[in-house]
Amino acid sequence: MTMKALRSRFAVPFLLLAASLFVLGGVAEAAWPERPVEFTISAGVGGGADQYARFLIGLNVKNNYIAQPIIPVNKPGGAGAVAMQSVLGQKGNDYQMLITLNSFITTPLFQNLPFTFRDFTPVALLALDNFPLWVHKDSPYKTLDDFLKKAKAESVTVCGTGSKQEDEIVFRAIEKLAGTQPFKYIPFKGGGDVAKNLVGKHCEATVNQVSEAGPFFPDYLRPLVVFQEKRLDIPGYENVPTGKEAGLDFNYNMMRAIFAPPGMSKEGVDGMVGLFKKISEDPEWIAFAKKTGLQREFLTGEALKKFAEDYEKLHIKIMKDAGWLK
Amino acid sequence: MDTLVHLWSGLGVAMQPFSLLMMTLGLILGLAVGVLPGLGGTAGVALLLPVTVFVAPEVAIIFLGAIYWGALFGGVITSVLFAIPGEPWSVALIFDGYPMSKQGRSGLALAASFLSSFVGIIIAAFFFVAAALPLALLALRFGPPEMFAIMMLAFSTFVGLGTGKASKTLVSTAFGLLLTAVGLDIVTGRPRLTFGTITWMSGFDFVPVTIGLFGLGEILIDGEDRFSAEAREVILAKVGWADIKEGMREIWKFFPQTVMASIMGFFVGVLPGTGATPASFLGYGLAKQYSKNPEKYGKGAIEGIIAPQSAANAAGAGSLLPMITLGIPGSPTAAVLLAGLYMWGLWPGPRLFLEQPAFVWGLIASLFLAALVCLIICLAFTPMLAAIMRIPWGLLTPIIVVACFVGSYVMRNLMFDVICTLAFGLIGYIMKKLKYALAPMAVALVLGDMTEVFLRQSLIMSDGSFAIFFTRPIAAVCMSFALLLFAFPAFKLYREKRKARVSIGPG
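From a predicted model like this one, the values you see are computed outputs, not experimental measurements. (Residues numbered from 1 in each chain as written. Chains lettered and ligands numbered in written order. Predicted model: local features only at pLDDT ≥ 70, side-chain atom pairs only at ≥ 80, totals over all residues. Heavy atoms only, no water.)

1. Looking at the environment of B:Phe175
Residue and element names in this part refer to chain B. Residue position: phenylalanine 175 is located in helix H8 (residues 166-181). The spacing of phenylalanine 175 and isoleucine 419 is 244 residues in sequence and 18 Å in space, taken between C-alpha atoms. Excluding residues that lie within four positions of it along the chain, phenylalanine 175 makes contacts with Phe424, Ile427, Met431 and Met441. (Helix = DSSP H or I, 4+ residues; strand = E, 2+ residues; numbered from the N terminus. Contact = heavy atoms within 4.5 Å.)

2. Let's talk about unusual backbone geometry
Where the residue is not glycine, phi is negative for most of them; where a peptide bond is considered, it is trans in most cases. Following A:Phe217, the chain continues to A:Pro218 via a peptide bond in cis, the omega torsion being 10°. Mapped onto the secondary structure, A:Pro218 falls in the loop between helix H8 (210-213) and strand E8 (221-226). In this model, B:Lys435 sits at a positive phi of 65°, which is unusual for a non-glycine residue. With respect to the helices and strands, the residue B:Lys435 is situated in the loop between helix H19 (415-433) and helix H20 (439-461). Using a relative accessible area of 64% as the deciding quantity, one classes B:Lys435 as exposed. (Buried < 20%, exposed > 50% of the residue type's maximum accessible area, 1.4 Å probe, protein only.)

3. Details of the side chain of A:Asn74
Note that A:Asn74 resides in strand E2 (residues 70-74). Among the polar contacts made by the side chain of A:Asn74, one reaches the side chain of A:Asp50 at a distance of 2.9 Å. In this structure the side chain of A:Asn74 is engaged in a polar contact, spanning 2.9 Å, whose partner is the side chain of A:Arg54. Leaving out residues up to four positions away in the same chain, A:Asn74 has contacts with A:Ile41, A:Ala43, A:Gly44, A:Val45, A:Asp50, A:Arg54, B:Arg412 and B:Asn413. (Polar contact = N/O pair within 3.5 Å; in protein donor to acceptor, adjacent residues only side chain to side chain.)

4. With respect to the pairing of E8(A)
Residue and element names in this part refer to chain A. Judged by how many residues are buried, E8 sits mostly within the fold: six of six residues are covered. Direction of pairing for strand E5 (residues 132-136) relative to E8: antiparallel, over a ladder of five bridges. Looking at E8, one finds that proline 132 is bridged to valine 226. (Pairing = 2+ DSSP bridges.)

5. As for the confidence of the model for chain B
On average, residues of chain B carry a pLDDT of 85, and 94% of them reach 70 or more. Predicted complex metrics record ipTM = 0.82 and pTM = 0.85. (pLDDT = per-residue confidence, 0-100.)

6. Structural notes on the environment of A:Leu125
All names here are of chain A. Looking at where leucine 125 falls in the secondary structure, it is placed in strand E4 (residues 121-129). For the pair leucine 125 and proline 215, spaced 90 residues apart in sequence, the C-alpha separation works out to 26 Å. Other than its neighbours up to four places away in sequence, leucine 125 contacts Met255, Arg256, Ala257, Glu297, Phe298, Leu299, Leu304 and Phe307.

7. Regarding the state of the cysteines
According to the stated counting rule, one finds one disulfide over all chains in the structure shown. Paired through a disulfide, A:Cys159 and A:Cys203 show a sulfur-sulfur distance of 2.4 Å. Here A:Cys159 is found in strand E6 (residues 157-161), whereas its partner A:Cys203 is found in the loop between helix H7 (191-199) and H8, with 44 residues between them in sequence. With relative accessibility at 1%, the residue A:Cys159 sits in the buried group. In this structure B:Cys404 is not part of a disulfide, and its nearest cysteine sulfur, from B:Cys420, lies 14 Å away. The class for B:Cys404 is buried, based on a relative accessible area of 0%. (Disulfide = S-S within 2.5 Å.)

8. Observations concerning the pairing of E5(A)
Among the five residues of E5(A), five are classified as buried, and the element is accordingly described as predominantly covered. Here E5(A) shows two buried faces, one formed by A:Pro132, A:Trp134 and A:His136 and the other by A:Leu133 and A:Val135.

9. Considerations on the sheet that holds E4(A)
All names here are of chain A. Taken together, the six strands give an open sheet; going across it, the order is E2-E1-E3-E9-E4-E10, and neighbouring strands pair in mixed fashion. Both edges of this open sheet fall to E2 and strand E10 (295-299), since each of them pairs with a single strand only. For this sheet, the mean angle separating the axes of adjacent strands, direction not counted, is 20°. Alignment of E4 against E10, held across three bridges, turns out to be antiparallel. Along E10, the bridge assignment pairs leucine 128 with glutamine 295. (Axes fitted to C-alpha atoms, helices over the stretch in contact; angles between N-to-C directions.)

10. Observations regarding the nonpolar core
Formed by 278 residues in total, the largest nonpolar core has its most connected members in A:Phe39, A:Leu133, A:Phe276, B:Trp69, B:Phe95 and B:Phe114. In terms of residue count, the dominant contributor to this core is helix H6 (residues 106-140) of chain B (20 residues). Not counting the four nearest positions on each side in its chain, B:Trp69 is found in contact with B:Leu27, B:Ile121, B:Gly316, B:Ala317, B:Leu320, B:Leu367 and B:Ala370. (Core = buried A, V, L, I, M, F, W, Y, C linked by side-chain atoms within 4.5 Å.)

11. As for the packing of H6(B) against helix H11 (residues 255-270) of chain B
Residue and element names in this part refer to chain B. The contact between H6 and H11 brings their axes to 9 Å, and the two run at 45°. As summarised for this structure, H6 and H11 are arranged oblique, according to the angle between their axes. H11 is crossed by H6, and the crossing has right-handed handedness. Contacts between H6 and H11 involve Ser116, Val119, Gly120, Ile123, Ala124, Phe127, Phe128, Leu135 and Ala139 on the former and, on the latter, Thr258, Val259, Ser262, Ile263, Phe266, Phe267 and Val270. Partitioning the contact of H6 with H11 into residue classes produces twelve nonpolar, four polar and no charged. (Parallel < 35°, antiparallel > 145°, perpendicular 65-115°, else oblique. Left-handed = near helix turned anticlockwise from the far one by under 90°. Nonpolar A, V, L, I, M, F, W, Y, C, P; charged D, E, K, R; others polar.)

12. Regarding the interface of chain B and chain A
Contacts between the two partners involve 50 residues from chain B, matched on the other side by 50 residues from chain A. Of the roughly 4,300 Å² buried between chain B and chain A on both sides combined, carbon and sulfur atoms contribute 65%. At the surface where chain B touches chain A, the tally comes to two salt bridges. In this structure, B:Asp463 engages A:Lys184 in a salt bridge whose closest nitrogen and oxygen atoms are separated by 3.3 Å. Counting the contacts that link chain B with chain A gives 17 residue pairs in polar contact (both at pLDDT 80 or more). Contributing elements (two or more residues each) for the side of chain B that touches chain A: helix H3 (41-48), H6, helix H7 (144-157), helix H15 (332-343) and H20 of chain B. In terms of residue count, the dominant contributor to the side of chain B that touches chain A is H15(B) (seven residues). (Buried area = accessible area lost by both parts, 1.4 Å probe. Salt bridge = Lys/Arg side-chain N within 4 Å of Asp/Glu carboxyl O.)

See below:
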């Protein structure tokens, strides 16, 4: 049977159904979404961004925020470049969204790609994730000062996710601000690997997020400081000072945001913003954020664009200081 | 004693009718996912993860676990029948499974692989029960130098893998290693061999390349054979229950090897970040090294099926151990399950064992049940699966070709991968014609990437000194074994040459 025949055969009952739903519902629903929405993920199945995306998708399955399914599409590779290129190529597609990390800003800069975040439609910033400095429970460092004292005397081995990405950016920034010896930075493929290597004492410090290293606190690991404005609002973490309180005025966060292809219709953008507005108020999302120390935010449109611009400025400065950009 | 009490209560959870129903459903879905090339167990688990919010966490994990076990069992089917790896960890099954199929022994090959899957999972489950936490803590002591030593061990068992000329094996291995170098270099963050394109930044994935090399390449060779002048007689697959009995006899005959491969596989699986694929290669390589007649390997030796398959399944189960005990995913599939834990409101980590005994022990108990149920399902379908080989070639081949392309696309949703499959189909054909062994290339492709990363991480730790592989006890032991294995073929060659010289030398 051809598609055409299929369509005409089902068109009448479908219209009847749609009309009856319309009458029953009483209120006209916005047309978006008419079909499933694709959620492009710049990590492989099981990667950090993937876990977030699938968590969000799970919330939609439970609560039907939109009547259509959200389909995860993994496009790993190139520190996000492959996923970005794919979404960018779908100009005007209202059914495509991209979950983004800081690599959304840094990869185009570092890899000298022919596009930046400005080429995408900003949808929503959901949260800012944290970067505490973790050491092993048995390590001699009790405070940030202890750690920096050692780091100034000799090169300390640290590990993190990827190279020239968020974790290394934090360590290079510490290096510059505190004037330590260059860290011996060992890159790993994922946050889980990083946590495991600190627990196994193969390095001396990490900047894992609470969602990655948290399960090992307080049995194996200890956070010395968290590099953000406010202390972590998680039971058990109240005494972890901020960078400023501990004497190193440095704030850095991971943006958990959603962007979409350029040239979308207003309807599509509004639909997506509405979806994530609902997700951002979901009690389960709030509970998850509370447990992992995410600072919940909700920025859209121009405000999100402004946020990304500030973020780009910050990154250009850090990356220039580290000698990664000219 | 405590453990047995826990296990008993876990069985109580797993034996509830609803759990059993969900488990069986998961197994069937997993088998289907495993059969489709490219759509792996990881993808299957990820796909159905959102659905599980509707059931209790202990049932959800049993369901998702069952998908994974199903995929572990099912991945071998296409490898054995068509030389198309349904899963990355079933590539090693092609080496001997496909030749067996060509000899009309596909039923036996399948029965043997299902039975060894069963043994592998059961042995892994025993380790789970006996020493989950100490084992997970032991795994933590494996840092980059130790992991590099393990990888060297895997490579060393494959020294003698190529059946042809040593120089051709070397070329084939080097080609595989070269392919793994393409993409973003994780240590410097810079692109390598991408020719300035963004597409190539994703690098060559192992699945589309092997689907092309083995699957498509084999079809091209086969097609040529069939239409060549000497139309040879096609061996029809034997179909019947006798294969299952014979499979059991073979497993029994090689029982010590099966158990050894399972134990080895389990330990490799527990090591974070490796999973079932290296374990299956290591199982194959070791079995061949210690076999009394290694020349049979690659031509349809049943040991060449039993060892990698039991190792892969034990590793698959093993990779869940650090996830359950410590919250560290041992494989991509385990990482997806970890995401599930968050969704169900559980907090993975060392405390899960204490705080959620029903959840943890339900999963462990379901391992035993799932392995048994899955074995029964698989064996029941073995004659039917073997009968597929009786479908006329002209009908079957187009379906396989379509499956090859679909399979290579779904893994990463990249058109690039489809082109890869096509290109490597041709490359595989040419390599076979020129008598280059494909197996060393596949091994290099799978292990090369990890090996390089572990090496460079270790060298960062040691400021460039190779001594790090010999000053750390675990690494030193593995490295020494690997070096011995590397030296062994050379030593054997030297002795044979000397013997030959003595016997024919001037008298």
